[in-house]
Structure formats: C-alpha cells, structure tokens
Amino acid sequence: MNASTYSTFASAQPIALDAGTHDRITTAWRHNLRELASDLLFIRQHQKTIAEADEMLTATIRLHNPATVERARKLLPWRLSLYLEHVKAVSLAEARMIEAGIEFAKSSDAWGQ
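Thresholds applied
- Residues numbered from 1 in each chain as written.
- Predicted model: local features only at pLDDT ≥ 70, side-chain atom pairs only at ≥ 80, totals over all residues.
- Heavy atoms only, no water.
- Helix = DSSP H or I, 4+ residues; strand = E, 2+ residues; numbered from the N terminus.
- Buried < 20%, exposed > 50% of the residue type's maximum accessible area, 1.4 Å probe, protein only.
- Contact = heavy atoms within 4.5 Å.
- Areas by Shrake-Rupley, 256 points an atom, 1.4 Å probe, with all protein chains shown as cover.
- Core = buried A, V, L, I, M, F, W, Y, C linked by side-chain atoms within 4.5 Å.
- Salt bridge = Lys/Arg side-chain N within 4 Å of Asp/Glu carboxyl O.
- Expected span 1.5 Å × (residues − 1).
- Bend = angle between axes of the 7 residues up to and from the residue.
- Polar contact = N/O pair within 3.5 Å; in protein donor to acceptor, adjacent residues only side chain to side chain.

### Describing the overall build of the protein chain
Secondary structure assignment for the protein chain yields three helices and zero strands. Going from N to C terminus, the protein chain has its helices and strands arranged as α-α-α. Counting over 113 residues, the protein chain shows a buried share of 22%. For the protein chain, contacts bridging at least 24 residues in sequence account for 60% of all contacts bridging at least 6. Surface summary for the protein chain: the accessible area is close to 8,600 Å², and the carbon and sulfur share equals 58%.

Set out below in structure tokens:
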C-alpha cells in the first residue's frame, strides 16, 4: 500500500456485522461443532469394529460379521475426511467470530466462567 492511501485506511474501523450475518456465523460454528462430535463417535466405532475383526463370541460365531468389518474399513477414510472438513469450518467460523468481536466458548467449561 502506498503512503498516500495508507493515511486514508489507517484509521478505518472494520464494518460491523449485521444481525443476520452474526447469526449465520454462530449457527455454522455450532452446527460444525455438533458434526465434529458425531464424526468422532463414528470414527471410534469404525476403529473398534476393525480392531475386533478377528474376535469371537463363541468358538464358531464372530463378534462382527465380515461384511460389517469391510464396511467399517471403507467408511473410516470417508469419515476422517468429513472430520477434517468440519475442523476447518469451525476454525474459519472462529476466525470470523474473533474478527467481528463475537464471544464463543473455547472449552465446554468456559461458559460457566
């Protein structure tokens, strides 16, 4: 930025978000946090199913059907990619919230303080 335009923008204040934009950002943040929790549950379940692939209930009955184990193996990479997309969305929403001065909890215990 050259010196002549710097003085024009140096004292500029960020444009305040309207209520609709504020709500969209916070709703996206909450939604993606819920999706993260869901992704983690599914990832853990897929990992557990894969880890227990060879375990037996009885001498002739497997704990998991081979088709179920194969399905978990196929779904795990997909679910991991969804998890990463939701982490990115939460991070972007938090960056916009910080930029706009919107408060949000940084941990599950933070709302009580």
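Structure shown, so let's carry the discussion forward.
### What about the environment of Met 97?
Structurally, the position occupied by Met 97 is in helix H3 (residues 66-100). By relative accessible area, Met 97 is classed as buried at 1%. Residues Met 97 and Thr 26, 71 residues apart in the sequence, show an inter-C-alpha distance of 7.7 Å. When neighbours within four sequence positions are excluded, Met 97 is seen to be in contact with Ile 25, Thr 26, Trp 29, Ile 102, Glu 103 and Phe 104.

### Some points on the nonpolar core
If you look at the biggest cluster of nonpolar residues, it comprises eight residues: Ile 25, Trp 29, Leu 36, Val 90, Ala 93, Met 97, Ile 102 and Phe 104. Secondary-structure elements contributing two or more residues to this core are helix H2 (19-51) and H3. Beyond its immediate chain neighbours, meaning those up to four positions away, Trp 29 contacts Val 90, Ala 93, Glu 94, Met 97, Phe 104 and Ala 105.

### Examining the pattern of salt bridges
Evaluation of the coordinates by the stated rule reveals one salt bridge. Here Asp 39 and Arg 79 are joined by a salt bridge, their closest N and O atoms 2.9 Å apart. Placement of the pair is Asp 39 in helix H2 and Arg 79 in helix H3, with a sequence separation of 40 residues. Classification of Arg 79 as buried rests on a relative accessible area of 12%.

### Brief notes about the environment of Glu 35
Mapping Glu 35 onto the fold places it in helix H2. By relative accessible area, Glu 35 is classed as partly exposed at 27%. Put simply, Glu 35 and His 86 are 51 residues apart on the chain and 6.9 Å apart in space, counted from C-alpha to C-alpha.

### Considering H3
Under the 1.5 Å per step criterion, the end-to-end length of H3 is 51 Å for 35 residues, consistent within 8% with the ideal 51 Å. Taken as a whole, H3 carries its principal kink of about 30° at Leu 75; the proline Pro 77 stands between one and four residues after it. Of all the residues in H3, the buried ones are Val 69, Ala 72, Leu 76, Arg 79, Leu 82, His 86, Val 90, Ala 93 and Met 97. The backbone nitrogen of Ala 67 lies 2.9 Å from a side-chain oxygen of the residue at the head of H3, namely Asn 65. Among the residues trailing H3, Gly 101 stands out with phi positive, at a value near 80°.

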